[in-house]
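# Structural overview for review
Listed below are the residues making up each chain.
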Amino acid sequence: MVPELLVTRAELLAEATRLLLEARLADARREAARIWSWLERRPASAMPLDDGVAVAPERVASFISAVRRRAAGEPLPHVTGWAGFRHLTLRSDARALIPRPETEGLVELLLARVRTGRVADIGTGTGCIALSLALEGGFEQITGIDLSPEALALARENRRETGARVALVRGDLCESLQAGSLDALVSNPPYLTTAEYRALDSSVRGWEPELALSGGPDGLEAIGRLLVDARRVLRPGAWLALEVDESRAGECAARAGISGYTEVAIHTDLFGRERYLLARRSDAE
Ligand SMILES: C[S@@+](CC[C@H](N)C(=O)[O-])C[C@H]1O[C@@H](n2cnc3c(N)ncnc32)[C@H](O)[C@@H]1O
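Residues numbered from 1 in each chain as written. Predicted model: local features only at pLDDT ≥ 70, side-chain atom pairs only at ≥ 80, totals over all residues. Heavy atoms only, no water.

### Description of the site of the ligand
As a reminder, the rule being used: Residues are classed as near a molecule or strand on a simple rule: at least one heavy atom within 4 Å of it. Polar contacts here mean pairs of N or O atoms no more than 3.5 Å apart (in protein, one a potential hydrogen donor and the other a potential acceptor; neighbouring residues in sequence count only if both atoms are side-chain atoms). Per-residue accessibility takes into account occlusion by the displayed protein chains alone, with areas from the Shrake-Rupley method and a 1.4 Å probe. The numbering of helices and of strands both runs from the N terminus, where a helix is a DSSP run of H or I of at least 4 residues and a strand a run of E of at least 2. Residues are grouped as follows: Ala, Val, Leu, Ile, Met, Phe, Trp, Tyr, Cys and Pro are nonpolar; Asp, Glu, Lys and Arg are charged; every other residue, Gly included, is polar.
Residues in close proximity to the ligand total 19 residues, the closest being G123, D146, D172, L173 and N188. Here a nitrogen atom of the ligand sits 2.7 Å away from a polar atom, N or O, in the main chain of G123. Between the ligand and the protein, one listed contact pairs a nitrogen atom with a backbone N or O atom of G171 at 3.4 Å. Look at the ligand: alone it shows 590 Å² of surface, and the protein chains cover 95% of it. At the level of secondary structure, the elements contributing two or more residues to the shell around the ligand comprise α6 (128–136) and α10 (210–213). Here the shell around the ligand is built from residues that sort into 10 nonpolar, seven polar and two charged.

Here's what the structure looks like:
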């Protein structure tokens with residue numbers, strides 16, 4: 001199709017839907033509408049999409065180019081540059097994991113238990129957890145930590161966009177945190193096994209950082225270290241909230257039980273999968 005020949009929004013959307021359907025995307029029309037609304041910087045609900053309004057040729061060209069990126073397999077948040085998370089709209093690109101709806105539940109569970117004091121988000125990525133805690137809770141101090149300088153740069157952009165008060169620090173898990181300094185520690189760490197990571201669909205593996213996804217041969221490298229480190233940095237009675245893989249949730253809970261935590265519980269996500277481990281640091285030294 002020659003973009004210049006497209007004259008109305010209705011024709012443009014029909015063409016975009018056709019391109020996305022050809023690429024076997026199930027929700028082609030909705031995705032086409034999302035890309036269009038991003039280009040227009042207006043919510044899809046605020047625009048009629050199938051009217052006879054003429055579209056300027058340069059708008060046609062940028063829209064079709066974005067649709068082609070999506071048709072080639074690039075994730076929608078990378079194409080639009082934005083992802084929704086709880087009440088936030090965050091910048092999202094190849095520098096960090098795209099925030100997932102499951103992770104919204106981790107924030108919910110933590111906020112139901114603790115809303116004040118000092119909290120750290122380990123492996124902050126886009127900053128989605130730390131920024132949500134800053135805007136929804138009443139915490140005194142929030143620290144987002146990541147090993148990846150690229151992810152931290154993105155989190156800083158999101159901090160600027162949202163205006164949230166969060167300290168963003170480069171570091172390896174909890175090593176930069178002081179002993180007994182936290183009232184809560186939250187993390188969505190990399191938790192796939194090396195084999196699971198290699199078997200991931202190219203729509204994920206091709207676009208999101210390996211550091212964000214791969215948790216070593218047994219998928220428990222980061223979680224195992226976190227259980228030990230968190231015990232050092234949490235004050236007695238403070239909360240630990242981790243996102244875990246459903247197939248290893250039981251094993252993570254068992255490890256927490258023998259690593260100095262009480263009230264260890266696994267919670268399910270919005271898809272009914274065992275996804276979250278909540279526990280409190282025991283009083284014992
Ligand atoms: C699954 S992603 C989670 C990102 C974000 N919190 C979210 O929920 O979308 C895991 C994050 O942990 C970071 N990470 C991996 N290993 C780390 C380590 N040893 N220390 C700190 N961060 C690490 C990755 O760079 C990545 O941003």
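Next comes the rest of the write-up.
### Points about the side chain of S282
Our working definition: The contact criterion used throughout is that any non-hydrogen atoms of two residues lie within 4.5 Å.
Checked against the element boundaries, S282 lands in the segment after β9 (274–281). Polar side-chain contacts of S282 include one of 3.4 Å to the side chain of R231. Within the local environment of S282, its side chain forms a polar contact with the backbone oxygen of G260, the two atoms lying 2.9 Å apart. Once residues lying within four places of it in the same chain are set aside, the contact partners of S282 are R231, P236, G260, Y261 and T262.

### Some words on the environment of H78
Selection rule: Accessible area is worked out with a 1.4 Å probe on protein chains only. A residue is then buried under 20% of its type maximum, exposed over 50%, and partly exposed in between.
Of note, H78 is situated in helix α4 (residues 76–80). Classification of H78 as buried rests on a relative accessible area of 7%. Put simply, H78 and I98 are 20 residues apart on the chain and 8.4 Å apart in space, counted from C-alpha to C-alpha. Leave out the neighbours within four places in its chain, and H78 touches R69, S92, D93, A94, I98 and W207.

### Comments concerning the pairing of strand β7 (residues 234–243)
Our working rule: A pair of strands is considered paired only if DSSP assigns at least 2 bridges between the two.
Of all 10 residues in β7, eight are buried; the element is thus mostly enclosed. Of the strand pairs in this sheet, strand β6 (residues 182–187) and β7 are connected by five bridges, and their pairing is parallel. Considered in β7, the bridge of L185 is made with L240. Note that β7 and β9 share five bridges and pair antiparallel.

### Side note on the sheet that holds β7
This is how it is decided: Simply put, an axis is a line fit to the C-alpha atoms, just over the touching stretch for a helix, and the angle between two N-to-C directions goes from 0 to 180 degrees.
Spatial strand order, β5-β4-β3-β6-β7-β9-β8: seven strands in an open sheet with mixed pairing. Two strands in the sheet have a free side with no partner beyond their single neighbour: β5 (167–170) and β8 (261–268). Along the sheet, successive strands turn relative to each other by an average axial angle of 15°, direction set aside. With four bridges connecting them, strand β3 (residues 118–122) and β6 associate as parallel partners. The partner of V119 across the bridge, within β6, is A184. Seen against the sheet, helix α7 (residues 149–162) touches β4 (141–146) and β5 and runs at an angle of roughly 170° to β5.

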